[in-house]
Protein chains: 2
Amino acid sequence: MFKVHMHRRQFSVALATGLVGSVFPWRLRQGTLRVNGDRLNERLTDLARYGRTPDGGISRVAYSQADLDARLFVSGLLRDAGMNVSVDLAGNLLGHRVGLEPDLLPLVIGSHIDSVPDGGNYDGQVGSMGAVEVARTLHDASLDLRHPLTVVIFQNEEGGKTGSRAWSGEVEQRELGIVTASGKTIGEGIRFLGGDPDRFDDAAKEPGSFAGYLELHIEQGAILDQRSIDIGVVEGIVGIKRWNVVVTGMANHAGTTPMSDRRDAMVGAGSFITAVNRIARRLPGRQVATVGWLEAFPGAPNVIPGEVRLSLEIRDLTMESIDQVYEAIRVETRVIEQQTETTFTFDQFYVSRAAPTDERFRALVDQSAKALNLSTLHMPSGAGHDAQSIALLCPVGMVFVPSVNGVSHSPEEFTRPEDITNGANVLLGTLLQLDEALN
Amino acid sequence: MFKVHMHRRQFSVALATGLVGSVFPWRLRQGTLRVNGDRLNERLTDLARYGRTPDGGISRVAYSQADLDARLFVSGLLRDAGMNVSVDLAGNLLGHRVGLEPDLLPLVIGSHIDSVPDGGNYDGQVGSMGAVEVARTLHDASLDLRHPLTVVIFQNEEGGKTGSRAWSGEVEQRELGIVTASGKTIGEGIRFLGGDPDRFDDAAKEPGSFAGYLELHIEQGAILDQRSIDIGVVEGIVGIKRWNVVVTGMANHAGTTPMSDRRDAMVGAGSFITAVNRIARRLPGRQVATVGWLEAFPGAPNVIPGEVRLSLEIRDLTMESIDQVYEAIRVETRVIEQQTETTFTFDQFYVSRAAPTDERFRALVDQSAKALNLSTLHMPSGAGHDAQSIALLCPVGMVFVPSVNGVSHSPEEFTRPEDITNGANVLLGTLLQLDEALN
């Protein structure tokens, strides 16, 4: 069998000089080049040492010593992959590899390695080490891409996506003063990781700075696991809107107030909860709506609640469809107000912009998975990711691998080694196809 | 016009000796004898000095100095009414008046004068001072009853009906150690008021110790006020059962869990709340059912609640009908469990026995009110009262007067002076009729 990297190099040169029109040799190479799954899973085990907790999980919160130590460990792996390593002004860890065509924009792959307190060993880490392994595989195969390649380990994903939002210019100055779980402010943390909070704004990138961004991540949900599907082709990262809802009735004695004289805020809230659930299920699409928190006042078994406060959250792939679900809920709420003689107010307190993935990226992820005989499902990402901010700068794609039982942000978080290897191979295959397809 | 009290005495003697069969003169006397409304309302104003708060309410919690001072004040009023005053072993304040027929059991009227912290000037106090005024009116008119008359000011109604429950033998020994809002234990408080906690059990009465017990009270609800009705004829004091209800679903990520995969304990709870309300309204009768408290776990806007804890309270005039409402709720809950894929558990943690009033008492209260051209409504008492325990010992009756806007346990508690006078006149009229009717 001919040497893949030799062929690749020859072919790329040929392509650059306009001599070759057929893509046949690419397809052949995609069918043969694989990451080293054993090495990848071993590196994940190595990474799990940094911030390990007694129950087998990790507390590697951003800006902690464990976070810095882990980043130094990953820096070594990036160098082993032949990359030039740097830390940018925002404190993100970067590995760079030149491309064959100097005029092309970089392709970026990566994720994050910081965790929530008492988190698990897979969230962010699978995508980060998967990207490192892809770079190492290219290096070992001496296979050069047309595009420059950047591996990025974003900082403080769990505490507010600071690193990726720095690239998209979304971090506000005041955020640098926020005290994080590490005990340091974000500003202090950036300096701790090797960035410069005083020149933070210079970390921002112009839209169009990259050819594309591709992120491998665990699903953090149970859909793939329950349906025994290998690869999730992410349609986009859902937008989120949250409201504080106040239901006002009239507090009264639960013994002396007949049912017909009641203006029971809890009954209004109960009707609202069931209406939210019914509307989210009934409307076409895959929107989700949740009432996760509720408090009744005064909150005693023998007093009719005069006020109930609750949270409403709606997520969907576009902000327009979130607004449609919200409008349907508001229409239904007006009926509930009349039926229960209560009044509702809605105060929106949180918005996270929806970030659709690029249609071409989705098609190539799907194609790469199928070339590996892996089953795929096109699905939204209900959780937020760094890709969300990077979508402001360039087309993005995401690859999901199954989370066993959908558990995440917990020491019980688990993704099978073979699924991790599959995900990294899809990352590699998609990257190679993107390298071919994008200019 | 002949002197009422002379006639009464002559008539009673005649009745005792079997010489008189007609009741005509009684009716005549009932139509003319009235309490002194001005004096009654002035005494209520005097009483309001004890424990007065800056906002015009009172904090006269049981066993406080204000409570003791107020009881000494009332003792003086009882003496002014010609009564023998004593404090029983349970610390209840008593005024005694002999009857014409020594073999008859006493008729008892009264209520309580202790308040909740930051309470108002009417709850318990209207019935207490109304009873004192009735005794004073009889005394001023030199009108002797056939039965002995006892005016009772029960102790610690608000903190657990200790005084009246002592009579019915329901107070458990351990309760004497409970620390009350006064800072004293119930045992210390009993001693403070002149009772003897070491001989507390001897305060209990045998069933059949009294001919009857009649209590005037403010409604503590808005029914009479809203409907502009003068007098509530109490059908009984409702029984109460309370449950802690736990709804169990599965906590999950509110973004990554599709609607169809959810086992949302909040949705189960919402369906339950609306079902409780629907069932309580739909079933015949005047039962009330309330969910006054609710807590969701983990209780974050972005997490599907895995568990919801809430309170269920049902009140009705009989324990059987409470159980019927509960059974209907349980049947409906089984449907909710299936629909929402949640499970419910019910833990009953409180029972208060229903205490129906005596049918004859109700008829005489109604008759006495109508003889005074007062409108009446037969209604349950949704709140608990001392009469509840005394119902274990003898037939009981209760007279309600309107609470403006139904406000109670608050400095804003208010009952109009004319309604207080009406209530005392109905108490007087009913007492006189009971004295005639009962043996």
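Quantities reported herein were computed from a predicted structural model and do not represent experimental measurements. (Residues numbered from 1 in each chain as written. Chains lettered and ligands numbered in written order. Predicted model: local features only at pLDDT ≥ 70, side-chain atom pairs only at ≥ 80, totals over all residues. Heavy atoms only, no water.)

Before going further, it helps to examine the overall build of chain A. Broken down by element type, chain A carries 13 helices and 16 strands. What you see for chain A is a C-alpha radius of gyration of 25 Å, in line with the 22 Å of a compact globule of 439 residues. Viewed in the frame of its principal axes, chain A has a C-alpha envelope of about 90 × 45 × 40 Å. Out of the 439 residues in chain A, the part that is buried amounts to 61%. In chain A, the proportion of contacts linking residues at least 24 apart, taken out of those at least 6 apart, comes to 79%. Surface summary for chain A: the accessible area is close to 16,500 Å², and the carbon and sulfur share equals 51%. (Helix = DSSP H or I, 4+ residues; strand = E, 2+ residues; numbered from the N terminus. Rg over C-alpha atoms; globule rule 2.2 N^0.38 Å. Buried < 20%, exposed > 50% of the residue type's maximum accessible area, 1.4 Å probe, protein only. Contact = heavy atoms within 4.5 Å. Areas by Shrake-Rupley, 256 points an atom, 1.4 Å probe, with all protein chains shown as cover.)

This part takes up the pattern of salt bridges. Close approach of charged atoms lets side chains of opposite charge pair. All names here are of chain B. Inspection of every chain in the model, using the stated rule, returns 48 salt bridges over all chains. As a salt-bridge pair, E235 and R286 come within 2.6 Å of each other at their nearest N and O atoms. Taken together, the residues E235 in strand β6 (residues 231-237) and R286 in the loop between α9 (265-282) and β9 (288-290) connect sequence positions 51 residues apart. Since its relative accessible area comes to 18%, E235 is described here as buried. In this structure R286 comes out as partly exposed when scored by relative accessible area, which is 48%. One salt bridge connects D366 with K370, and the closest N-O pair in it is separated by 2.8 Å. (Salt bridge = Lys/Arg side-chain N within 4 Å of Asp/Glu carboxyl O.)

Residue and element names in this part refer to chain A. Within the secondary structure, E413 sits in the loop between β16 (396-401) and α13 (417-437). Of the buried charged residues, E413 lacks a salt bridge, with R60 as the closest side chain of opposite charge at 9.1 Å. One polar contact links E413 to S408, side chain to side chain, over a distance of 2.9 Å. (Lys, Arg positive; Asp, Glu negative; His and termini not counted. Polar contact = N/O pair within 3.5 Å; in protein donor to acceptor, adjacent residues only side chain to side chain.)

Rotating chain A by 180° about the axis while translating it 0.1 Å along that axis superimposes it on chain B, leaving an RMSD of 0.1 Å. With respect to symmetry, the two chain copies, as superposed, fit the operation of a two-fold axis. Scanning chain A for the C-alpha nearest the rotation axis identifies G270 of chain A, at a separation of 1.9 Å. (Least-squares fit on C-alpha atoms with pLDDT ≥ 70 in both.)

Looking now at the environment of E436 of chain A. Among the secondary structure elements, E436 of chain A is positioned in helix α13. Taking the C-alpha atoms as reference points, E436 of chain A and H147 of chain A, 289 residues apart in sequence, are found 8.9 Å from one another.

The next point concerns helix α5 (residues 125-140) of chain B. All names here are of chain B. Spanning 16 residues, α5 covers 22 Å between terminal C-alpha atoms, matching the ideal 22 Å at 1.5 Å per step. Within α5, 13 of the 16 residues are buried, leaving the element largely enclosed by the surrounding structure. Remark: S142 follows α5 within two positions and exhibits a positive phi of approximately 50°. (Expected span 1.5 Å × (residues − 1).)

The next subject is the interface of chain A and chain B. On the side of chain B, 48 residues touch chain A, which itself brings 48 residues to the contact. Taking both partners together, chain A and chain B bury about 3,900 Å²; carbon and sulfur atoms supply 60% of that area. Counting the surface chain A buries against chain B, the share from its top three residues, T256, M259 and P301 of chain A, is 17%. Taken together, chain A and chain B are joined by two salt bridges. (Buried area = accessible area lost by both parts, 1.4 Å probe.)

As a volume, the largest pocket reaches approximately 940 Å³. In this structure, the largest pocket is lined by 33 residues; those nearest its centre are R242, G384 and H409 of chain A together with H253 and N302 of chain B. Looking at the lining of the largest pocket, the elements with two or more residues in it are β7 (239-248), β13 (343-352) and α12 (387-390) of chain A together with β8 (252-253) of chain B. No other element matches the three residues that β13 of chain A contributes to the lining of the largest pocket. For the lining of the largest pocket, the per-class residue count stands at seven nonpolar, 17 polar and nine charged. If you add up the space inside the second largest pocket, you get close to 710 Å³. Contributing to the lining of the second largest pocket are 28 residues, with H253 and N302 of chain A together with E158, R315 and H409 of chain B lying nearest its centre. Breaking the lining of the second largest pocket down by element, the ones donating at least two residues are β8 (252-253) of chain A together with β7 (239-248) and β13 (343-352) of chain B. (1 Å grid on protein atoms, 1.4 Å probe; cavity = no way out; pocket = protein on both sides within 12 Å on 5 of 7 lines; lining within 4 Å. Points joined across faces, edges and corners; volume = space filled by probe spheres on them. Nonpolar A, V, L, I, M, F, W, Y, C, P; charged D, E, K, R; others polar.)

This part is about the nonpolar core. Judged by nonpolar contacts, the single largest core of 64 residues is most densely connected at F272 and L312 of chain A together with F272 and L312 of chain B. Setting aside its immediate chain neighbours within four residues, F272 of chain B contacts V245, V291, L310, L312, I329, T333, I336, F344 and F346 of chain B. (Core = buried A, V, L, I, M, F, W, Y, C linked by side-chain atoms within 4.5 Å.)

Attention now moves to the packing of aromatic side chains. Residues and elements named next belong to chain A. In this structure the tally under the stated criterion is 20 aromatic pairs over all chains. A centroid spacing of 4.2 Å and a plane angle of 5° characterise the contact between W243 and Y326, whose relative ring orientation is stacked. Of the two residues, W243 sits in strand β7 while Y326 sits in helix α10 (residues 319-340), which places them 83 residues apart along the sequence. In terms of burial, W243 and Y326 fall into one category: buried. Members of the aromatic cluster, joined through ring pairs, are W243, F272, Y326, F344 and F346. Lying across the ring of F192, K184 places its NZ or CZ 4.1 Å from the centre. Sitting over the ring of F297, R309 keeps its end group 4.4 Å from the ring centre. (Phe/Tyr/Trp six-rings, centres within 6.5 Å; stacked < 30°, edge-to-face > 60°. Lys NZ or Arg CZ within 6 Å of the ring centre and 35° of its normal.)

What follows deals with the packing of helix α3 (residues 37-47) of chain B against helix α13 (residues 417-437) of chain B. All names here are of chain B. Running from N to C, α3 and α13 cross one another at 115°; their axes reach a closest spacing of 9 Å. As the angle between them shows, α3 and α13 are arranged roughly perpendicular. In terms of crossing hand, the pair formed by α3 and α13 is right-handed. Residues G37, L40, N41 and L44 of α3 form the contact with α13, whose participating residues are P417, I420, T421 and A424. Split by residue class, the contact of α3 with α13 holds five nonpolar, three polar and no charged. (Axes fitted to C-alpha atoms, helices over the stretch in contact; angles between N-to-C directions. Parallel < 35°, antiparallel > 145°, perpendicular 65-115°, else oblique. Left-handed = near helix turned anticlockwise from the far one by under 90°.)

Residue and element names in this part refer to chain A. Within the element layout of this structure, S182 appears in the loop between α6 (162-167) and α7 (186-192). Residues S182 and P117 lie 65 residues apart in sequence; the distance between their C-alpha atoms is 9.4 Å. In contact with S182, not counting residues within four places along its chain, are V61, A62, Y63 and S64. There is a polar contact of 2.7 Å between the side chain of S182 and the side chain of T180. Within polar-contact distance, the side chain of S182 engages the backbone nitrogen of K184 at 3.0 Å.

This part takes up helix α3 (residues 37-47) of chain A. Residues and elements named next belong to chain A. Within α3, burial applies to G37, R39, L40, N41, L44 and L47. Those residues of α3 hidden inside the fold are in contact with α4 (65-80), α5 (125-140) and α13. Of the residues that open α3, the one with a side-chain oxygen 3.2 Å from the backbone nitrogen of D38 is N36.

On to the confidence of the model for chain A. Residues and elements named next belong to chain A. Across chain A, the average pLDDT comes to 92, with 93% of residues at 70 or higher. Scored below 50 in pLDDT, residues 1-28 shows 36 contacts in the model against residues more than four places distant or in partner chains. Taken over the whole predicted complex, pTM reads 0.82, whereas the ipTM for its chain interfaces reads 0.83. (pLDDT = per-residue confidence, 0-100.)

Turning next to the side chain of E175 of chain A. Residues and elements named next belong to chain A. Its place among the elements puts E175 in the loop between α6 and α7. With relative accessibility at 8%, the residue E175 sits in the buried group. In this view, E175 contacts R165, E170 and I186; residues no more than four positions away in its chain are not counted.

This part is about the packing of α5 of chain B against α13 of chain B. The relative placement of two packed helices comes down to the angle between their axes together with the axis-to-axis distance. All names here are of chain B. Close contact between α5 and α13 brings their axes to 9 Å; oriented N to C, the two are set at 55°. Judged on the interaxial angle alone, α13 and α5 are oblique. Like other packed secondary-structure pairs, α5 and α13 cross with a definite hand, here right-handed. Contacts from V126, G130, A131, V134, T137 and L138 of α5 reach α13 at I420, A424, L427, L428, L431 and L432. The residue makeup of the contact of α5 with α13, split by class, is ten nonpolar, two polar and no charged.

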